[in-house]
Amino acid sequence: MSTLLLSLKLMADVGLVGLPNAGKSSLLAAISRATPEVAAYPFTTLSPQLGTVHLGLDRERVKVADIPGLIEGAHLNRGLGHSFLRHIERTAALCYVLDLDSTLTPHHQLRILRQELDLYQPGLPWARSRRAVIAANKADVPGAAGRLDELRAQVTLMVAEGELPELMPAEDGGSLVTAVSAKHGKNLSRLLRRVHLAVGAARGQREQAERQALVSAQEAARRAAEDDEYEFYDEEG
């Protein structure tokens, strides 16, 4: 008797990725009609939650997934790491949700998240067909402004050094980091605009890659067919 092991992977356009208690569930609830459990303690979410967001003038439907909080060592399956990480593989875009009210600096949080994704599957954060945005959550708490300024400076430096190839460029007059308050619904429209651009760019890259793969396959088939047209004979002396 054989055993078949099935691994289910969530299909979503955008994955909200952050450390425990960063406010991902609050953000999902604020931008969609999803009703994930929200509480002031880590690991409130133990399974991915899906919400539908309507973006742009055409009200395009985009699926957003609240991925349960990652911790250092998630790639080693700590904190159910593999159960969470596998759901990120098929997302077109990532939204790094950083906590401006954490004991860890937002910059450190970002490095942990990207490191865990890369150690789980090398190149996962910056795959050719994936884009990302950064949401600095809890911007309403005391002291958040200073931490936000520091984060923006660090992210600008990382981009200049080529460390964040997946990050969407800043809009005219905008920033690479979008400060939001999911709790109070502040600045969510700006974040969603960047998410919309990221999803569009990722889909465009994916379609281009698929077209290139199709052209390559057709070219290989043509060459194989041409080779079959020729017969080779040994010349007798």
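Let me begin by describing the structure that accompanies this report. (Residues numbered from 1 in each chain as written. Predicted model: local features only at pLDDT ≥ 70, side-chain atom pairs only at ≥ 80, totals over all residues. Heavy atoms only, no water.)

**Observations concerning the nonpolar core**
Okay, step 1: Core analysis: the biggest nonpolar cluster contains 28 residues, and Leu94, Tyr96, Leu98, Leu110, Ile134, Val155 and Val177 have the highest contact counts within it.
Okay, step 2: At the level of elements, strand E4 (93-99), helix H3 (106-120), strand E5 (131-137), helix H4 (144-160) and strand E6 (177-179) are the ones that each hand at least two residues to this core.
Okay, step 3: With five residues, H4 is the largest single contributor of residues to this core.
Okay, step 4: When residues no more than four places from it in sequence are discounted, the contact partners of valine 155 are Leu110, Ile134, Leu164, Leu167, Leu176 and Val177.
Okay, step 5: Counting residues in hydrophobic clusters, the runner-up holds 25 residues, among them Cys95, Val97, Leu188 and Val199. (Core = buried A, V, L, I, M, F, W, Y, C linked by side-chain atoms within 4.5 Å. Buried < 20%, exposed > 50% of the residue type's maximum accessible area, 1.4 Å probe, protein only. Helix = DSSP H or I, 4+ residues; strand = E, 2+ residues; numbered from the N terminus. Contact = heavy atoms within 4.5 Å.)

**Here's the deal with H4**
Okay, step 1: In a regular helix each residue adds 1.5 Å, so 17 residues correspond to 24 Å; H4 covers 24 Å between its end C-alpha atoms and thus fits that length.
Okay, step 2: Those residues of H4 that sit buried are Ala144, Leu148, Leu151, Val155 and Met158. Along the long axis of H4, the arc covered by the buried residues comes to 85 degrees, so they all point the same way. Within H4, the exposed residues directed more than 90 degrees away from the buried face are Ala145, Asp149 and Ala160. (Expected span 1.5 Å × (residues − 1). Arc of directions from axis to C-beta.)

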